[in-house]
Amino acid sequence: KDASPLEKAKTFSLLAMRLDSYNTLGLSQEESNGMMAALYNKAAQEVSSVASELPGVALGDLYTSAGQLKRWAAHRVTDPRKKISYVVDSLELFSKARQYSKVSENSVELLAKVKQEQHQALDFFEGVLLHRGLVESGVKKYIASRRLEI
């Protein structure tokens, strides 16, 4: 209750990771995935909530972390709409991370990391869209155009 948003985010993330051994906890994989998605999403929200309080040099790292958490939530959630929403949120957070990576103390390394994360998120997004039965050529063109932005 009295923890800072970053402490809460860390706790939510650690709890989500522990749920990966769902069978020892008496949970089904579906239950575990649902809880993990909710925890990763909540952690991303907590991380993002402190953005206005931090200096610009720290925002690249902050948005990268939030984007990773949203992507992890997208991997675990079973609801197709939430899955798309979380991965789109992830891509938006990585775009913000890129903007702020230029003023970061570790700008070269951070930019490389953000680009890697963006490609992973786009790979996942492509799979989600194709799984929904969308026209493959259209999805591939869309993803390719997004990759050009990176």
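Just so we're clear, the structure is a prediction, and the values are computed from it rather than from any experiment.

Draft legend 1. Expanded view of the nonpolar core. Formed by 39 residues in total, the largest nonpolar core has its most connected members in Tyr-40, Val-47, Leu-62, Tyr-63, Leu-69 and Phe-125. If you list the elements that add at least two residues to this core, you get α1 (5–18), α2 (29–49), α3 (56–76), α4 (80–101), α5 (107–131) and α6 (136–148). Examining the composition of this core, we find that 8 residues originate from one element, α5, more than from any other.

Draft legend 2. Representation of the packing of α5 against α6 within the structure. Across the interface, α5 lies against α6 with an axial gap of 10 Å and an inter-helix angle of 165°. In terms of axis orientation, α5 runs roughly antiparallel to α6. Crossing of α5 over α6 shows right-handed handedness. Seen from α5, the contacting residues are His-119, Leu-122, Asp-123, Phe-125, Glu-126, Leu-129 and Leu-130; seen from α6, they are Glu-136, Val-139, Lys-140, Tyr-142, Ile-143, Arg-146 and Arg-147.

Draft legend 3. Structural context of the side chain of Arg-98. Looking at where Arg-98 falls in the secondary structure, it is placed in helix α4. Of the side chains bearing the opposite charge, Glu-149 lies closest to the buried Arg-98, which forms no salt bridge; the N-O distance is 7.9 Å. For Arg-98, the contacting residues outside a window of four places in its chain are Leu-111, Val-114, Lys-115, Gln-118, Glu-149 and Ile-150.

Draft legend 4. How the structure looks around the packing of aromatic side chains. Summed over all chains, the structure comprises 3 aromatic pairs. Seen in terms of ring centroids, Tyr-40 and Trp-72 are 5.4 Å apart; in terms of plane orientation they differ by 65°. Their pairing is edge-to-face. Of this pair, Tyr-40 sits in helix α2 while Trp-72 sits in helix α3; the two residues are 32 residues apart in sequence, bridging distant segments of the chain. We classify Tyr-40 as buried; its relative accessible area is 7%. Overall, the relative accessible area of 31% leaves Trp-72 in the partly exposed class.

The rules behind the values
Residues numbered from 1 in each chain as written. Predicted model: local features only at pLDDT ≥ 70, side-chain atom pairs only at ≥ 80, totals over all residues. Heavy atoms only, no water. Core = buried A, V, L, I, M, F, W, Y, C linked by side-chain atoms within 4.5 Å. Buried < 20%, exposed > 50% of the residue type's maximum accessible area, 1.4 Å probe, protein only. Helix = DSSP H or I, 4+ residues; strand = E, 2+ residues; numbered from the N terminus. Axes fitted to C-alpha atoms, helices over the stretch in contact; angles between N-to-C directions. Parallel < 35°, antiparallel > 145°, perpendicular 65-115°, else oblique. Left-handed = near helix turned anticlockwise from the far one by under 90°. Contact = heavy atoms within 4.5 Å. Lys, Arg positive; Asp, Glu negative; His and termini not counted. Salt bridge = Lys/Arg side-chain N within 4 Å of Asp/Glu carboxyl O. Phe/Tyr/Trp six-rings, centres within 6.5 Å; stacked < 30°, edge-to-face > 60°.

The quantities given are spatial measurements derived from coordinates; they are silent on function.
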